[in-house]
Amino acid sequence: MDLDIVRTFVAAADTGRFQEAAAELAVTQQAISKRIAALERGLGVRLFTRTARGAELTIDGQAFLPHARELLRVAERAVASVRTGRRPLRVDVIASRVAPSGLMRGFHGAHPETDLDVVTLFDMETAIAAIRSGAIDASFRAVAVPGRPLPDDIESFRVLDEPLQLLTGPAHALARARSVTVARLVGHRIWMPGIVPGTEWAAYYDDLVAEFGLTIEATGPNFGSDALLDTIADTPALATFMGEHTRLIWPAGHGLRRIPVTDPTPVYPHSLLWHRDNPHPALATLRAHLAATTAGHGAPGTWTPGWVLPH
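Sequence positions are assigned chain by chain, starting from 1 and proceeding in written order. Restriction of local features to residues with pLDDT of at least 70 applies here, the model being predicted, together with a cutoff of 80 or more for giving and counting side-chain atom pairs; totals for whole chains, interfaces and linings are based on all residues. The basis for the side-chain values is all heavy atoms of the structure; hydrogens and waters are excluded.

A.B. asks: Can you lay out the overall build of the chain for me, pointing to particular residues and giving the numbers?
C.D. replies: Secondary structure summary: the chain contains nine helices and 13 strands in total. Our radius of gyration is a C-alpha quantity, and the globule rule it is checked against amounts to 2.2 Å times the number of residues to the power 0.38. Taking 2.2 N^0.38 as the reference for a compact globule, 311 residues should give roughly 19 Å; the C-alpha atoms of the chain span a radius of gyration of 29 Å, well beyond that estimate. Overall size of the chain, expressed as C-alpha extent along the three principal axes, is 95 × 45 × 35 Å. Whether a residue is buried, partly exposed or exposed follows from its accessible area with a 1.4 Å probe, protein chains only, as a fraction of its type maximum: under 20%, in between, or over 50%, in that order. Out of the 311 residues in the chain, the part that is buried amounts to 44%. To be clear on the numbers: accessible area is Shrake-Rupley with a 1.4 Å probe, and residue cover counts the displayed protein chains and nothing else. For the chain, the accessible area works out to roughly 15,700 Å², and carbon and sulfur atoms hold 54% of it. Charge separation in the chain, taken as the distance between the mean sites of 30 positive and 33 negative side-chain charges, equals 6 Å. In this description a helix means any DSSP run of H or I spanning at least four residues, a strand means any run of E spanning at least two, and both kinds are numbered starting from the N terminus. Charge counting follows a simple rule: Lys and Arg are positive, Asp and Glu are negative, and His as well as the terminal groups are ignored. To locate a charge, take atom NZ for lysine, CZ for arginine, CG for aspartate or CD for glutamate.

If you want it as structure tokens, here you go:
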């Protein structure tokens, strides 16, 4: 349906006179009449009745008016969704409970005037495709997977090195430790069913295993964090890794322990990715906020894979 014709109908209905609608839309009265006639032919009904006082809506015109207004509102929202100065900043945080989500909450607290759409995409290939298509403006990722460099039109910078912690149940052999060295983890079963081959986090943990001789198992279906926590709480032989900033809640009876890993501390390298030609004004604000508020990387006593970009 022609939106100009719909807009003409709404203007005529609001003013009650074709002449006034013509002045409002900066067209001739004849153009108004032609548009209304075309709309009536298309709908197969009369929308206006001419009277001495102007043009009054028929019953069909009254029925059509709220839908015509909604058509115009939908069109306005559609246009606004692709105007970078007006639409929300769309950012992928991988998952709602992990560190990037917390970074975005901090950004929102510091810049409440910025409209945000926070989404969760699965892997880096999906995120990069969404950035390049304009479906999102930015994504938090561990960017430098071996053999898969970033495309030339995608930029990034390292925003946070997140220390790993060991999560155990109360009966685990390491449950009473205040901290645990990486060497002490050798021989313990670390269960991480969320690791998917080919993802950037799988590459990270593959390097961690290769570097320190750890045992990380990804067997079994991934039923989500609640099922993982239940299993860790009930199985003394299993532990899992989680980020220091990952927000999880479990029943008090689980007795789970979060234990810092040290000597060295493995850190997960979060970076922000965006398209170099993205003009959204809030994207620059987000980058400046992250640069000013997040911790540096490469701190003494930490470990990241050798393939992680230093910048």
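Additional details are given in the paragraphs that follow.
A.B. asks: Go over the packing of aromatic side chains, please, and point to the residues and values.
C.D. replies: Only the six-membered ring of Trp is used, alongside the rings of Phe and Tyr, when aromatic pairs are assigned; centres must lie within 6.5 Å, and planes under 30 degrees apart are stacked while those over 60 apart are edge-to-face, with the rest tilted. Throughout the structure, instances matching the rule amount to ten aromatic pairs. Both rings, one in Y204 and one in W303, keep their centres 5.8 Å apart while their planes meet at 55 degrees; by these two values the pair is tilted. With Y204 in helix α7 (residues 200-212) and W303 in strand β13 (residues 302-303), this residue pair connects regions lying 99 residues apart in the sequence. Classification of Y204 by relative accessible area gives buried; the value is 0%. Ring geometry for F212 and W303: centres 5.5 Å apart, planes at 70 degrees, overall edge-to-face.

A.B. asks: Any details on a nonpolar patch on the surface? Residues and values, ideally.
C.D. replies: Taken together, the side chains of M1, L3, L43 and L71 present a nonpolar region at the surface, about 340 Å² in accessible area. Residue placement: L3 occurs in helix α1 (residues 3-15). Under the relative-accessibility criterion, L3 is labelled partly exposed at 31%. Patch rule: a residue counts if its relative accessible area is over 30% and it has no salt bridge; like charges are joined within 9 Å, and nonpolar side chains (Val, Leu, Ile, Met, Phe, Trp, Tyr) within 5 Å. The salt bridge criterion pairs a side-chain nitrogen of Lys or Arg with a carboxyl oxygen of Asp or Glu, the two atoms within 4 Å.

A.B. asks: Lay out α7 with the relevant residues and their values.
C.D. replies: Side chains three or four residues apart in an α-helix point the same way, a direct result of the helix having 3.6 residues per turn. Compared with the 18 Å implied by 1.5 Å per residue over 13 residues, the 19 Å span of α7 between its first and last C-alpha is a close match. Among the residues of α7, those classed as buried are E200, W201, A202, A203, Y204, Y205 and L208. Where α7 terminates, the next one or two residues include G213, which has phi positive at roughly 70 degrees. Given the number of residues in a helix, its expected span is that number minus one, multiplied by 1.5 Å.

A.B. asks: So, the side chain of R158: which residues are in play, and what are the values?
C.D. replies: Relative to the helices and strands, R158 is located in strand β6 (residues 154-168). For R158, a relative accessible area of 9% gives the class buried. In the analysis that follows, any N or O atom pair within 3.5 Å is treated as a polar contact, provided that within protein one partner can donate a hydrogen and the other can accept it, and provided that, for residues neighboring in sequence, both atoms belong to side chains. A polar atom in the side chain of R158 sits 2.8 Å from the side chain of D161.

A.B. asks: A description of the environment of A142 should follow, citing residues and the corresponding values.
C.D. replies: As for its position among the elements, A142 is in the loop between β5 (138-141) and β6. Beyond its immediate stretch of four places on either side in the chain, A142 contacts M124, E200, Y268 and P269. We call two residues in contact when some of their heavy atoms are within 4.5 Å.

A.B. asks: Could you give me a rundown of the nonpolar core, with the residues and numbers involved?
C.D. replies: Ranked by internal contacts, the top residues of the largest apolar core, which has 26 residues, are L166, L185, Y205 and F241. For this core, the element with the highest residue contribution is α7, accounting for six residues. With sequence-adjacent residues up to four places away left out, Y205 is seen in contact with L164, M192, I195, I216 and F241. We define a nonpolar core as any set of buried Ala, Val, Leu, Ile, Met, Phe, Trp, Tyr and Cys residues linked to one another through side-chain atoms lying within 4.5 Å.

A.B. asks: So what about the pairing of β5? Which residues, and what values?
C.D. replies: Residue alternation in β5 divides its side chains into two sets, A138 and F140 and S139 and R141, and both sets are buried. Between any two strands, at least two bridges found by DSSP are needed for them to pair. Two strands pair when backbone bridges link them, and β5 and strand β12 (residues 265-275) are joined in this way by four bridges, in the antiparallel orientation. Looking across to β12, one finds that A138 is bridged to W274.

A.B. asks: Please provide a residue-by-residue account of the environment of R53, values included.
C.D. replies: Following the sequence through the fold, R53 ends up in the loop between β1 (48-51) and β2 (54-57). Separated by 36 residues in the primary sequence, R53 and R17 place their C-alpha atoms 7.9 Å from one another. Each residue touching R53, except ones within four places of it in the same chain, is listed here: G16 and R17. There is a polar contact of 2.7 Å between the side chain of R53 and the side chain of E56.

A.B. asks: Give a detailed account of the pairing of β12, specifying residues and quantitative values.
C.D. replies: The element β12 is extensively covered by neighbouring structure, given that eleven of its eleven residues are classed as buried. Burial along β12 is two-sided: T265, V267, P269, S271, L273 and H275 facing one way and P266, Y268, H270, L272 and W274 facing the other are all buried.

What is shown is where atoms sit, not what they do.
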